[in-house]
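Next come the chains, spelled out residue by residue.
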Amino acid sequence: MSNQYSTPGQIPTGPRLISGRFEIADGYTYGGYVRTGGYVALRKALTSMTPKQVHEEVKAAEIQGRGGAGFLAATKWGFLPPDIHPRYLVVNGDESEPGTYKDRLLMELDPHQLIEGIMLACFAVNAAHAFLYVRGEMALAQERLAEALNDAYANNMVGRNVCGSQFSLDITLTWGAGAYIVGEETALIESLEGQRGMPRLKPPFFPAVKGLYMQPTIVNNVETLANLPAIIKDGGATFRGIGAPTSTGMRMFSVSGHVNRPGVFEVPNGVTTFRMLFEAPEYCGGVRNGGTVKAFIPGGASAMWFFDEHLDLALDKPTVDKAGSMLGSGAIIAMDQTTDMVAACWRIVRFFARESCGKCTPCREGTTWLEQVLRRILDGQGRPEDIDLLFEISESISPGIAWPPLQTTICPLGPSAVSPIASAVRRFRNEFDHYIAHGRPISGIEDVLNPSGIHAHV
Amino acid sequence: MSKKTLSITIDGKPHAALSGQLVIDACQDAGSFVPFFCYHPRMTPVGMCRQCFVEIESPRGPMLVVSCMTPVVEGQVVRTTTDGVKRAQQGVLELLLANHPLDCPVCDKGGECPLQDQAFSNGPGESRFVEEKRHFEKPIPISNLVNLDRERCILCDRCTRFADEVAGDPLITFISRGTNTQVLTFPDQPFSSYFSGNTVQICPVGALTAQPYRFKARPWDLDQEESTCTTCSVGCRTVVQSSRDELVRYQGVDIDTVNWGWLCDRGRFNFEAVNSAERLTTPLVKGDSGLVESSWAVALDVAARMLRTAISVGPESVAIIGGSRGSNEDAFAWAMLADALNINQRDCQLADGLPAEIFALPQATIDDINRAPTIILLAPDLKEELPVLYLRVRHAAEKRTTRVIEFTAHRTGLTPYAWRSVQSEGGKLAAAVQQAGSSEEISEQLSRGDVVVIVGRTNLAESPEFVVNALAEVLHLAPHALVLPTLRRGNVRGAIAAGLTPQSDAGDTADILVAAAAGKIDCLILLGADPLADVPDADLARRGIAGARSIIAIDTFLTASSATADVVLPAAAYGEKIGTTTNLEGRLSTLAQKVTPAGTSRPDWMIAAELAIAVGKDLGISSYADIHRMLIDNVAAFAPARDDKRIRHEGVLMNHAHPVGLARSDSSVADHNSFKHRLIVSRKLYDGAQGTAKSPSLAPLANASGVFLHPLDRARIGVPSGVEVKVTSDRATLVLVMHESPDVMVGTAWIPFGQPGADVRELIDLQGDVCDVRIEHI
């Protein structure tokens, strides 16, 4: 396949707003952070801005939340009922969507930037206590954040009367016990309170009104907050000038799968295309073995899959939404032409079945059943009626099997397991039929699950 | 407070829903059936089973919502029968059934199972689930009374929510996640809740089964009658179920005024005692070789002769003890007999109650607990003595609608929920109330509206006058307070109102026993009473029983006391006789007969009627209808029971005497010297009572014997916890195992009443005000 992006300069570029310190060896230390322009925005806000002005700058930046839903951050802040205190900021660092690892790097390589972002957000919404919830498995991130918090406290960047101002804030660092669903904001709040990490029902528990300890609570993603220092330093208008009007700023995308150079890339939001990301030498540098993209997941395992006809879509929220999927948390997974779609589908469904919290019936029973049917097909025990069964079970979890999905479940985890099935079966029905008829993948497909090639029946 | 109504449309028909109501309840009211599993009207909705989908009209078109989590709003349009609703409900049902075992033929729930009913009426008919079902060890006991089959469980959160929210014993919880989620106890901590049986009743599948009922009957073999539990005086409404003329199960019935559907395990499972092989089935008459079986004719003749002889000496040489275990009619028939023979010495309390004047104070109802901003507890541990009343008080305190002020000598089940818990040593309750009343915050709290004082015997080792004086202090601080007396025995209030209480200036049970000990009682009638086991002063009871010249016992079992009688007449037990009963708030409700009385046993009222004829004083009672009519015609308190419909369900409140006041009096008692501990004796739920001791499932649960001391006192005595010590009062010395417990006040020794092992009643002297004990190592 010819590579359209073999020469530099053909793809849009932008400043590295939040990943700029990734290559600086001591960028994660207090000294390194301050030396490279850290805590300037915080000082600026505390000395020359009112909370409302900070809020206005963020509103002007039109930054969309980077956690998955892509909701405007400043609008979310505006949902806090006035004059009800205490109110909390909860930082969602429980990044566990398969294929997403941008927040981990932001926490490991630039923890002070996140802390500064937290300070700015709390200053803007008048919160006096923030909770930083880090995924249980991220040991290095926990360590670095703990050290960074100690240093920030020692240097009066966090705590009482920050930088001599009237503003005080405590940040409590805490971490999870390893559950995907705790990335869902209400489940995270439950976990933070010491309960089982199970989602709450919305309504009535919209966090902005009744969140942590039943108080007004803002839950923001790590990347969203990490952008705040740049927004306050350079102004919201500058930020909005980057990327596309519909998707402002720079954005981190985690690319994995069958590309030559997987990794996290900070790209101008809304203008870069998937093809650029996969093929440009600045980014992933092409599909492995010179192959082609058969399918790719544009925004985390819960998203509907995209195929080669979607490669030239821009990484722009409305564009991707319109095309029938989502950018989600920015996890892009590429699959080349040798990928076994039945196995890939099963692998993702298994993830959701294992991560289902067990609270509501359709998700608990449905995802597990879907996984068992797919596994049976892979094991050569598929029946022709299994395809209909997969759709019937999916229908019970997500009526209509549409995008955006409807759900009979409490939270969107259940419908997440429906996306890969709907995507893979509709597009690659022949591969499923072949498995059911012959117990093995069609020729040319890598038999990852059974490299010996010996199958239960032929 | 009447609630606002909202106009909504359910399935095309207009419906007036109550503001704050959930859609699922509105649908039920409107007659539109919505299936559900996890929803329970007495608990917080959780929306977990996802079965109760309905469609609601929204600006974006029809929207599927779970009706148990959706409040009604004005103008709402709800549809319960559309294709979308049916598809969602059937989808969830198929998923619930996917892993559910098909062992309905051997499942206790089969035949009354909501999941089975749903599967039959709306289910797919055939399972498409060809995979291996989820497997767990089945069933596992999670307590002495309840078994758990995790394969059948549909994870509706009802039992776990009940344990946490209603009972306050969060001993079962979800573990693991996803499809491996299961309900389980914590390691080495059984589900030893006094309310565990309720989880069996509310389980929507057969995951939780009760040990006493397992494999006893199938639901379609059961015959049932609604009745009232008389295990304690709360008067929970129950359904009594039998199969093949044998009681097999009690279930709670939800009435707003009393128990909200809940029962305690003791009340739920003590039907085993009614079925006991040890029940008295035939009259016994004392011969040369002790009690021998006899006929009713002979036994009544012997009894009548004893009674006539005693009456000829004088009515003051006859006394009746007991009567609070039967119905109102039973008590009234015996009161009529006593009236006919001028017997004034009668007492249905066993020197462990309160004076009857307490019922002449302005009375509270159980439901007042929910309304009053303040509840004052001058009562024993409600969790141990009146468990469902504990649930009601706990609920009010948890909902923050009510503040509980507790006066106690040791930590009770309600202490964690009390707004203020005041520790007070035995004999000093009134002083503690006085002192608390002088604090500003308490007087401020008392001025916030209604005050309910729950009053009962806090300590069986002290004179009841202390708690009465404390009550007088409360009424002085809050003259508007309403009193909820908590005497424990099932129908004690009814028996008192029917006349089984000392008449004229006659003495109470303690005085009767003193007179008997002095040889002044020729005939002692024990009406379902066992003074040798229940009167707190063991020595007095022994001397009294020994001193009575003749004893007639009417009882269901041969107890320590009835074994000494000259004539024993077998009485019909609970579930074997029809009647009405009175609970602690004076609520009159029906008792049902479900099974035939054991052997030739008869209801107490019938025995009274026959004995009356035998002594030549025909009372004119020839049927239950007669005595019931005589009761409501002749005793004003019972007149409201004419409302035949209401006494069969939620009950009616009895008429109260005109309220009188309570005079304050100084009742300070001397401090005990520093070598002694003030003795506190109170009951545990499970003790040596007949209903518990004769129920094989419950009897082993009475195991709280010992003396409990504060850690500082234990250190002073210098022996480790769990070692036997000598406990000496002026009366006797007992050897008891000593347990260290921070729940007991310093300077106080707590010994539970009626537990197996050394009997604390040996220490108590009813003539004394308080009882102080010396504790030494052996």
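It should be noted that the structure appears before, not after, this text.
All values derive from a computational prediction rather than experimental measurement. (Residues numbered from 1 in each chain as written. Chains lettered and ligands numbered in written order. Predicted model: local features only at pLDDT ≥ 70, side-chain atom pairs only at ≥ 80, totals over all residues.)

**Structural notes on the overall build of chain B**
Across its full length, chain B carries 23 helices and 34 strands. Its C-alpha atoms give chain B a radius of gyration of 28 Å, within 12% of the compact-globule value 28 Å for 778 residues. When burial is assessed residue by residue, chain B has 56% of its 778 residues classed as buried. In chain B, the share of contacts with a sequence separation of at least 24, taken over all contacts with a separation of at least 6, comes to 72%. (Helix = DSSP H or I, 4+ residues; strand = E, 2+ residues; numbered from the N terminus. Rg over C-alpha atoms; globule rule 2.2 N^0.38 Å. Buried ≥ 20, exposed ≤ 12 C-beta atoms within 10 Å, placed from the backbone. Contact = placed C-beta atoms within 7 Å.)

**Re the overall build of chain A**
Secondary structure summary: chain A contains 18 helices and 11 strands in total. By the compact-globule yardstick of 23 Å for 458 residues, chain A fits well, its C-alpha radius of gyration being 23 Å. Taken over the C-alpha atoms alone, chain A extends approximately 75 × 50 × 35 Å along its principal axes. Residue burial in chain A is summarised as follows: out of 458 residues, 57% are buried. Contacts in chain A between residues far apart in sequence, at least 24 positions, make up 71% of those at least 6 positions apart.

**Some remarks on helix α17 (residues 413-427) of chain A**
If you check α17(A), its first and last C-alpha atoms are 23 Å apart, about what 15 residues at 1.5 Å a residue would give, namely 21 Å. Most of α17(A) is tucked away, with 13 of its 15 residues classed as buried. (Expected span 1.5 Å × (residues − 1).)

**A look at the sheet that holds strand β28 (residues 652-653) of chain B**
Read from one edge to the other, the open sheet built from 3 strands follows the order β26-β27-β28 (chain B), with strand pairing classed as antiparallel. Each of the sheet's edge strands pairs with one partner strand only, and the pair in question is β26 (579-582) and β28 of chain B. (Pairing = 2+ DSSP bridges.)

**Some thoughts on the sheet that holds strand β7 (residues 146-148) of chain B**
All names here are of chain B. The sheet built from 3 strands is open, its strands ordered β6-β7-β10 with antiparallel pairing. Lying at the two open borders of the sheet, with one neighbouring strand each, are β6 (140-141) and β10 (208-210). The pairing of β6 with β7 spans 2 bridges and is antiparallel. Paired with P141 across the two strands is N147, which belongs to β7.

**Section: the interface of chain B and chain A**
The interface is formed by 26 residues belonging to chain B together with 24 residues belonging to chain A. Per-element accounting of the side of chain B that touches chain A gives the leading share, 9 residues, to helix α2 (residues 83-98) of chain B. Residues of the side of chain B that touches chain A, tallied by class, amount to 13 nonpolar, 7 polar and 6 charged. (Nonpolar A, V, L, I, M, F, W, Y, C, P; charged D, E, K, R; others polar.)

**Side note on the pairing of strand β13 (residues 246-252) of chain B**
Residue and element names in this part refer to chain B. The buried fraction of β13 amounts to 6 of the 7 residues, a majority that puts the element mostly inside the structure. Here strand β12 (residues 237-243) pairs with β13 via 6 bridges, running antiparallel. Note that in β13 the partner of S243 across the bridge is E246. Linkage of β12 to β13, two consecutive antiparallel strands, is achieved through a turn of 2 residues, within which R244 is found at a positive phi near 50°.

**A few points about the packing of helix α9 (residues 328-340) of chain B against helix α20 (residues 604-614) of chain B**
Residues and elements named next belong to chain B. Contact geometry of α9 with α20 gives a least axis separation of 7 Å together with a crossing angle of 20°. Considered as vectors, α9 and α20 are oriented roughly parallel to each other. At the point where α9 passes α20, the crossing takes the left-handed sense. On the side of α9, the interface is formed by E329, D330, A333, W334, L337 and A340, while α20 contributes D604, W605, A608, A609, L611 and A612. Counted by class, the contact of α9 with α20 contains 9 nonpolar, no polar and 3 charged residues. (Axes fitted to C-alpha atoms, helices over the stretch in contact; angles between N-to-C directions. Parallel < 35°, antiparallel > 145°, perpendicular 65-115°, else oblique. Left-handed = near helix turned anticlockwise from the far one by under 90°.)

**Examining the packing of helix α14 (residues 341-355) of chain A against helix α15 (residues 361-378) of chain A**
Residue and element names in this part refer to chain A. Where α14 contacts α15, the two axes come as close as 9 Å, and the packing angle between them is 150°. What the angle tells us is that α14 and α15 run roughly antiparallel. For the pair α14 and α15, the crossing hand works out as left-handed. Across from V342, A343, C345, W346, V349, R350, F352 and A353 in α14, the residues of α15 making contact are T367, T368, L370, E371, L374, R375, I377 and L378. Residues belonging to the contact of α14 with α15 are distributed by class as follows: 11 nonpolar, 2 polar and 3 charged.

**Focus on the pairing of strand β2 (residues 13-18) of chain B**
Residue and element names in this part refer to chain B. In the sheet, strand β1 (residues 5-10) pairs with β2 via 6 bridges, with the strands oriented antiparallel. Paired with I10 across the two strands is K13, which belongs to β2. Where β1 hands over to β2, the hairpin turn is made up of 2 residues, of which D11 adopts a positive phi near 50°.

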